[in-house]
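Summary of the model geometry
Spelled out, the chains give:
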Amino acid sequence: MDFNVKKLASDAGVFFSRAMQFTEEKLGQAEKTELDAHFENLMARADCTKNWTEKILRQTEVLLQPNLSARVEEFLYEKLDRKVPSRVTNGELLAQYMTEAANDFGPGTPYGKTLIKVGETQRRLGAAERDFIQSASINFLTPLRNFLEGDWRTITKERRTLQNCRLDLDACKARLKKAKAAEAKAAAEHELRLTQTEFDRQAEVTRLLLEGISSTHVNHLRCLHEFVESQTNYYAQCYQYMLDLQKQLGRFSGTFVGNAESTSPPAAAASPPAAAAAATLPAVPTIPVVPTIVGVPSAVAEGVLNPNEVKPPASGTRKARVLYDYEAADSTELALLADEMITVYSLPGMDPDWLIGERGNQKGKVPVTYLELLS
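Here the structure is a predicted model, which means the values were calculated and not measured. (Residues numbered from 1 in each chain as written. Predicted model: local features only at pLDDT ≥ 70, side-chain atom pairs only at ≥ 80, totals over all residues. Heavy atoms only, no water.)

1. Observations regarding the overall build of the chain
Helices and strands together make up the secondary structure of the chain, namely nine helices and five strands. When the elements of the chain are put in sequence order from the N terminus, they spell out α-α-α-α-α-α-α-α-α-β-β-β-β-β. Buried positions account for 29% of the 375 residues belonging to the chain. When contacts within the chain are restricted to residue pairs at least 6 apart in sequence, those whose partners lie at least 24 apart make up 68%. Counting only carbon and sulfur atoms, one obtains 58% of the accessible surface of the chain, whose full area is about 24400 Å². (Helix = DSSP H or I, 4+ residues; strand = E, 2+ residues; numbered from the N terminus. Buried < 20%, exposed > 50% of the residue type's maximum accessible area, 1.4 Å probe, protein only. Contact = heavy atoms within 4.5 Å. Areas by Shrake-Rupley, 256 points an atom, 1.4 Å probe, with all protein chains shown as cover.)

Encoded structure:
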């Protein structure tokens, strides 16, 4: 192998000279060329940008993927320049379990139907989460990584070169002070001019790169706005999905209470009239018998509400603020608008998940989950 001995010796001499200069500076035995205050502020600002960008990047990765092993797997795939395999979200996995459970319990049963409805919503939530993670990765994480792996590496390299140029410049100044002979002084002055020119050129290059941090902040600001917009859309989708699910479950509350199929054994000594009456009624859960109360229509105790027959109790009415819009499923229910105030009260024998609501001359059943009860 052909070695350039002269170049190797020259490089070794330069390295030794820089090491000596650095050591003497640390010991206070040599002078050090100081950079101007503006340059120092630029470097401090660049270091601050790099440190906080790393922290924000890491914590955003944790937010998008809390599973450490999954993050390590994605990192390895990225370093190997291979496509990351598609991963099922927790919501989609929960939806799959709910659907399978509904098939086992019977998709026609109240519990099975509810599991299917909730599972469909969980699947939509999982898909929305997947879209949000992809959008945040492209619009926010990628620019942060590009800065750390691209611009910051270039800045670090040029700053290291500037440091070497400064050490060479200060070493030349020290040799010039020590030179006695005229010939040695002339050689030292010539070397000093060359190193000073190289130092000034490198300082200008580094300064331009450090001033570019302002452009980096502008770019990251734009990416931050896009990240917030993606997150807003994601949570708005989740809220709408859950609101729709809540409405569906509220409408089904009268149907999905208990089990549609009675599990109690048939009465052996049922009277013929009672058996005939039972044969003509649909299979519904057994409702406890509520004694008739004066002023309360018997239809309420039977679970059938006629708003025109309902009279508010003498006491026990409350004001309530509506939290969400609610569309009445039938004539016995009262449609609601978010943030409106209504009067509510309960009647004996009613489902505890429902109240009677009044708005002017309008009245009907309203779900408790849509209300904020006031004192």
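2. A word on the packing of helix α5 (residues 110–178) against helix α6 (residues 182–211)
How two helices sit against one another is set out by the angle between their axes and by the gap between those axes. Relative orientation of the contacting elements α5 and α6 amounts to 160°, with a least axis distance of 8 Å. Taken together, the axes of α5 and α6 lie roughly antiparallel to each other. In this structure, α5 crosses over α6, and the sense of that crossing is left-handed. Of the residues assigned to the contact of α5 with α6, the class counts are 13 nonpolar, six polar and 10 charged. (Axes fitted to C-alpha atoms, helices over the stretch in contact; angles between N-to-C directions. Parallel < 35°, antiparallel > 145°, perpendicular 65-115°, else oblique. Left-handed = near helix turned anticlockwise from the far one by under 90°. Nonpolar A, V, L, I, M, F, W, Y, C, P; charged D, E, K, R; others polar.)

3. Comments concerning the packing of aromatic side chains
Enumeration according to the criterion identifies nine aromatic pairs in this entry. When the centroid spacing of 4.9 Å and the interplanar angle of 5° are considered together, the rings of F132 and Y234 count as stacked. With F132 in helix α5 and Y234 in helix α7 (residues 213–252), this residue pair connects regions lying 102 residues apart in the sequence. Across this residue pair, the class does not change: F132 and Y234 are buried. (Phe/Tyr/Trp six-rings, centres within 6.5 Å; stacked < 30°, edge-to-face > 60°.)

4. Regarding the pairing of strand β2 (residues 341–345)
Most of β2 is tucked away: four of the five residues are buried. In this sheet, β2 lies alongside strand β1 (residues 318–322) in antiparallel orientation, the contact comprising four bridges. Bridged to A320 within β2 is I342. Here β2 pairs with strand β3 (residues 354–359) via three bridges, running antiparallel. Residue pairing in the sheet places V344 in a bridge with G357 of β3. (Pairing = 2+ DSSP bridges.)

5. Things to note about the pattern of salt bridges
What the rule picks out here adds up to 14 salt bridges. The partner of R207 in a salt bridge is E211, with the nearest N and O atoms 2.6 Å apart. Of this pair, R207 and E211 both sit in helix α6, separated by four residues, roughly a single helical turn. Here K363 makes a salt bridge to E358, at a shortest N to O gap of 3.4 Å. Residue E358 is classed as buried on the basis of its relative accessible area, which comes to 18%. Residues joined by salt bridges that share partners form a network here, namely E204, R207 and E211. (Salt bridge = Lys/Arg side-chain N within 4 Å of Asp/Glu carboxyl O.)

6. Some points on the confidence of the model for the chain
With 78% of its residues at a pLDDT of 70 or more, the chain has an overall mean of 81. Across the chain, the element-wise mean pLDDT spans from 43 in helix α9 (residues 298–301) up to 95 in helix α2 (residues 37–64). Below a pLDDT of 50 lies the segment residues 254–303, which in the model reaches 27 contacts outside its immediate sequence neighbourhood of four places, other chains included. (pLDDT = per-residue confidence, 0-100.)

7. Here we look at the environment of A127
When you line up the elements, A127 lands in helix α5. The spacing of A127 and V88 is 39 residues in sequence and 9.2 Å in space, taken between C-alpha atoms.

8. Comments concerning the environment of T232
Assignment of secondary structure puts T232 in helix α7. A relative accessible area of 47% means that T232 is categorised as partly exposed. Only 2.8 Å separates the side chain of T232 from the backbone oxygen of V228, close enough to count as a polar contact. (Polar contact = N/O pair within 3.5 Å; in protein donor to acceptor, adjacent residues only side chain to side chain.)

9. A word on the nonpolar core
Counting residues in hydrophobic clusters, the biggest one holds 31 residues, and the most contacted among them are F132, F140 and L210. Where this core is concerned, the elements lending two or more residues are α2, α5, α6 and α7. It is α5 that contributes the most residues to this core, 15 residues altogether. Setting aside residues up to four positions removed in sequence, L210 forms contacts with F39, L42, M43, A46, I155 and R159. The next biggest cluster of nonpolar side chains, apart from the first, holds 16 residues, and it includes I342, I356, V366 and Y370. (Core = buried A, V, L, I, M, F, W, Y, C linked by side-chain atoms within 4.5 Å.)

10. Some remarks on α5
Look at α5: 97 Å from first C-alpha to last across 69 residues, which is about the 102 Å you get at 1.5 Å a residue. Along α5, the sharpest kink reaches roughly 40°, centred on S137. (Expected span 1.5 Å × (residues − 1). Bend = angle between axes of the 7 residues up to and from the residue.)

11. Section: a nonpolar patch on the surface
On the surface, a cluster of nonpolar side chains totalling about 380 Å² of accessible area is made up of L68, V72, F75 and L76. Position of L68 relative to the elements: it lies in helix α3 (residues 68–79). (Patch = residues over 30% accessible without salt bridge, like charges linked within 9 Å, V, L, I, M, F, W, Y side chains within 5 Å.)

12. Regarding the packing of α2 against α6
Two numbers describe how α2 lies on α6: the axes approach to 9 Å, and their chain directions differ by 50°. Compared by their axis directions, α2 and α6 come out oblique. In this structure, α2 crosses over α6, and the sense of that crossing is left-handed. Residues H38, F39, L42, M43 and A46 of α2 pack against A203, T206, R207, L210 and E211 of α6.

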